[in-house]
Amino acid sequence: MGYTIAQKIIKNHLISGDMTVGSEIALKIDQTLTQDATGTMAYLEFETMGLKRVKTEKSVAYIDHNTLQSGFENADDHRYIQSVCEKHGIYFSRPGNGICHQVHLERFGKPGKTLIGSDSHTPTGGGIGMLAMGAGGLDVAVAMGGGAYYITMPKMYKVNLTGKLNPFVSAKDVSLEILRILSVKGGVGAIIEWGGEGVKTLSVPERATITNMGTELGATTSIFPSDETTREFLKAQGREEDYIPLESDPDAEYDKVIDINLSELAPLIACPHSPDNVVTVESLKGTKVDQVCIGSCTNSSLMDMLKVAALLKGKTIKNSVSLSISPGSKQVLSMLADCGALTDIIASGARLLECACGPCIGMGFSPNSAGVSLRTFNRNFEGRSGTADGQVYLVSPEVAVAAALTGEITDPRLLGTMPEIKMPESFKIDDSAVIPPAPESIADSVEILRGPNIKPFPEAKPQQDTLSAELVLKVGDNITTDHIMPAGAKILPYRSNIPHLSQFCFGVCDKTFPERAKALGESIIVGGSNYGQGSSREHAALVPMYLGVRAVITKSFARIHIANLINAGIMPLTFKNPDDYDRINQGDKLTMKNIYSGMDSGEIILEDETSGENFTLVCSFTERQKDILKAGSLLLYTKGE
Ligand code: MIC
Ligand code: SF4
């Protein structure tokens, strides 16, 4: 049997385990990336490990999330990360240089290599044939130290593309179409490979839009072949030597094959508050729009921005609409400026934001109350925009422009003829905003700059053989990490201050949670299916750990979150019979005995002392995971304490 693209890369990087679906494998990691909102914690963890230099081929730290400096906190964190990079051998991408995924694709990603990043949209690198995965900060810290990255061997899905996109239909619509087909749970446990004749019609930035949003499917990652288009892109970025060809074997086997004919797609839109809530733009035509945001790691490439500029050229946006544009990188912004496209964008009435995540993570530009906001982003979870009752829709750049010009949801095909946009033969190369680390010989003299907002890492406690605790919070299906640990301009500056952050935990669901959990000392959370989807933020595990949560029991979990829970010493368990979810209530007193032998047998009995019922819980921990839980956390396990 032949290999898929992902299987080939896995095979080349396999440290331990066998490639049987569902079993644990350990991978050698070639590159890492961090962003600042998860990076501070990742570097604190790296420092705790006591290593001098990173052991990867390339590790890059980006500052792109916490760029709104409304107090000293973010600026202090940036200086901290910069000093850690200088000392420990990491490249530092300065604030303003761009969004991690966009810059990494442009300047550092390489086909055939493995990349993990402390950000869930790291699979963007799959657009050039990398095996790129999102991970918790601690996993990234361990990989920087040369340690393996452990995942469950995924299933392989193939999306077979035929045809060619019509004008005003774009890669974003392909992402929305696959979300419509598979839902936000449909990719869990799988790698999605994009293949077929249609692939040839897609540029690297278009492929990267698609792999970026594979995250919303819950997939381990998504990947495209590395072909002549990839070579052209790398050549235009001045690094043709990084190219290697990569494709699946003709007899590779897939667990599922989905066909999409690009020629048949129409402009699509994801309605509030889930990326898989997809309908056609046509079906919502006439809906009044208050705000339009163009940018984010999904749609901020030069090609996207040139398209936007060409459609806006000579026109003025509607008085009732506020339009923001955030180019993905300094390269994109300066090329837009050089060719005059930036002038067309500004002349239309758009507000230019810096090359950063910005409104995507609620860092400014929140919509008006109950405002309808059309965004070219990848997530529209409730409250994420910073406006609790904001109505966020996800769209392509074409649909975004059409709404900005007309003030309502409009099929962009009504805008006339699509101007032809060509990929430049060479991009403008200027890496001056990426600061290389100090040479190893002088690294010892580099001082780490720690601000007062950095608080010690919360103390983990080993899992005991018996746990008796109250069910402190019961939540429903598809709980996102934005529910568990919200972000936004007011909260993000405290990512390195877990005690302060803890006041906001589960604020979207139940404001009394932090206080109640703290008062209980130890507690248990119950959730529905796909618990912990969305961001890779390990804070969604570290903060509950700090508040005394010892176990989370659900119908099912999202991949990165389950790893983060184990890393933080919290037991992730699932109901053997999903209907038991309905028989258990918030406030119940729960007991689990013989946890250690249950971890071995794969089943633990949960006694509900309040109702008198017993429930069977399932766990499938590897030996390593059991040891981590018994040690209390991955950090304690790694340190051998
Ligand atoms: C996101 O899009 O939710 C983020 C902010 O980029 C997160 C990381 C974080 O919470 O810092 C992600 O996707 O992992
Ligand atoms: Fe940044 Fe948004 Fe991309 Fe997350 S999804 S990395 S916040 S642009």
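Everything quoted here is computed from the prediction, not taken from an experiment.

Peer 1: How would you explain the overall build of the protein if you had to name every residue and give the values?
Peer 2: Along its length, the protein carries 21 helices and 27 strands. The globule rule puts the C-alpha radius of gyration for 641 residues at 26 Å, and the 24 Å found for the protein is close to it. Counting only C-alpha atoms and orienting by the principal axes, one finds that the protein spans roughly 70 × 60 × 55 Å. A buried classification covers 63% of the 641 residues belonging to the protein. Across the protein, contacts joining residues at least 24 apart in sequence account for 77% of those joining residues at least 6 apart. Here the protein displays about 22200 Å² of accessible surface, and carbon together with sulfur accounts for 49% of that area. Here the protein contributes 60 positively and 75 negatively charged side chains, and the mean placements of these two sets differ by 3 Å.

Peer 1: Report on the site of ligand 1, specifying residues and quantitative values.
Peer 2: Lining the immediate environment of ligand 1, one finds 14 residues, of which H65, D119, S120, S536 and R537 sit closest. With respect to ligand 1, the side chain of H65 contributes an N or O atom lying 2.8 Å from an oxygen atom. R537 is positioned such that a nitrogen or oxygen atom in its side chain is 2.5 Å from an oxygen atom of ligand 1. If ligand 1 stood free it would expose 340 Å²; the protein chains cover 97% of that surface.

Peer 1: Any details on the pairing of strand β7 (residues 131-134)? Residues and values, ideally.
Peer 2: Residues L131 and M133 line one face of β7 and the alternating positions A132 and G134 line the opposite face, and both faces are buried. Direction of pairing for strand β6 (residues 114-117) relative to β7: parallel, over a ladder of four bridges. Its bridge partner lying in β7, I116 is registered against M133.

Peer 1: Quick rundown of the sheet that holds strand β24 (residues 571-575)? Include the residues and the values.
Peer 2: The seven strands are arranged β21-β22-β23-β24-β27-β26-β25 in a closed barrel whose pairing can be described as mixed. Neighbour-to-neighbour, the strand axes of this sheet turn through a mean angle of 35°, independent of strand direction. Across four bridges, the pairing between strand β22 (residues 523-526) and strand β23 (residues 549-554) is parallel. Bridge pairing in β23 links V526 to I553.

Peer 1: Run through the site of ligand 2, naming residues and quoting values.
Peer 2: The environment of ligand 2 is formed by H65, H101, D119, H121, S296, C297, C357, C360, I361, N378 and R384. Tallied by class, residues from the shell around ligand 2 come to four nonpolar, five polar and two charged.

Peer 1: Describe the pattern of salt bridges, listing the residues and the values that go with them.
Peer 2: For the structure on display, the rule yields 37 salt bridges. The residue D482 makes a salt bridge to R384 at a minimum N-O spacing of 3.0 Å. Of this pair, D482 sits in helix α14 (residues 481-484) while R384 sits in the loop between β18 (372-375) and β19 (391-394), placing them 98 residues apart in sequence. Both residues of the pair, D482 and R384, belong to the buried class. Among the charged side chains, a salt-bridge network with shared partners connects K28, D30, E57 and K113.

Peer 1: Outline the packing of helix α6 (residues 171-182) against helix α7 (residues 204-213), listing residues and values.
Peer 2: Relative orientation and spacing of two packed helices are given, respectively, by the angle between their axes and the distance between those axes. Between α6 and α7, the shortest axis-to-axis distance is 8 Å and the interhelical angle comes to 25°. On the basis of their axis angle, the class for α6 and α7 is roughly parallel. Where α6 crosses over α7, the two elements pack in a sense that is right-handed. Residue-level contacts link A171, K172, V174, S175, L176 and L179 of α6 to E206, T209, I210 and M213 of α7. Within the contact of α6 with α7, the residues separate by chemical class into six nonpolar, two polar and two charged.

Cut-offs used in this document
- Residues numbered from 1 in each chain as written.
- Chains lettered and ligands numbered in written order.
- Predicted model: local features only at pLDDT ≥ 70, side-chain atom pairs only at ≥ 80, totals over all residues.
- Heavy atoms only, no water.
- Helix = DSSP H or I, 4+ residues; strand = E, 2+ residues; numbered from the N terminus.
- Rg over C-alpha atoms; globule rule 2.2 N^0.38 Å.
- Buried < 20%, exposed > 50% of the residue type's maximum accessible area, 1.4 Å probe, protein only.
- Contact = heavy atoms within 4.5 Å.
- Areas by Shrake-Rupley, 256 points an atom, 1.4 Å probe, with all protein chains shown as cover.
- Lys, Arg positive; Asp, Glu negative; His and termini not counted.
- Charge placed at Lys NZ, Arg CZ, Asp CG, Glu CD.
- Near = heavy atom within 4 Å.
- Polar contact = N/O pair within 3.5 Å; in protein donor to acceptor, adjacent residues only side chain to side chain.
- Pairing = 2+ DSSP bridges.
- Axes fitted to C-alpha atoms, helices over the stretch in contact; angles between N-to-C directions.
- Nonpolar A, V, L, I, M, F, W, Y, C, P; charged D, E, K, R; others polar.
- Salt bridge = Lys/Arg side-chain N within 4 Å of Asp/Glu carboxyl O.
- Parallel < 35°, antiparallel > 145°, perpendicular 65-115°, else oblique.
- Left-handed = near helix turned anticlockwise from the far one by under 90°.

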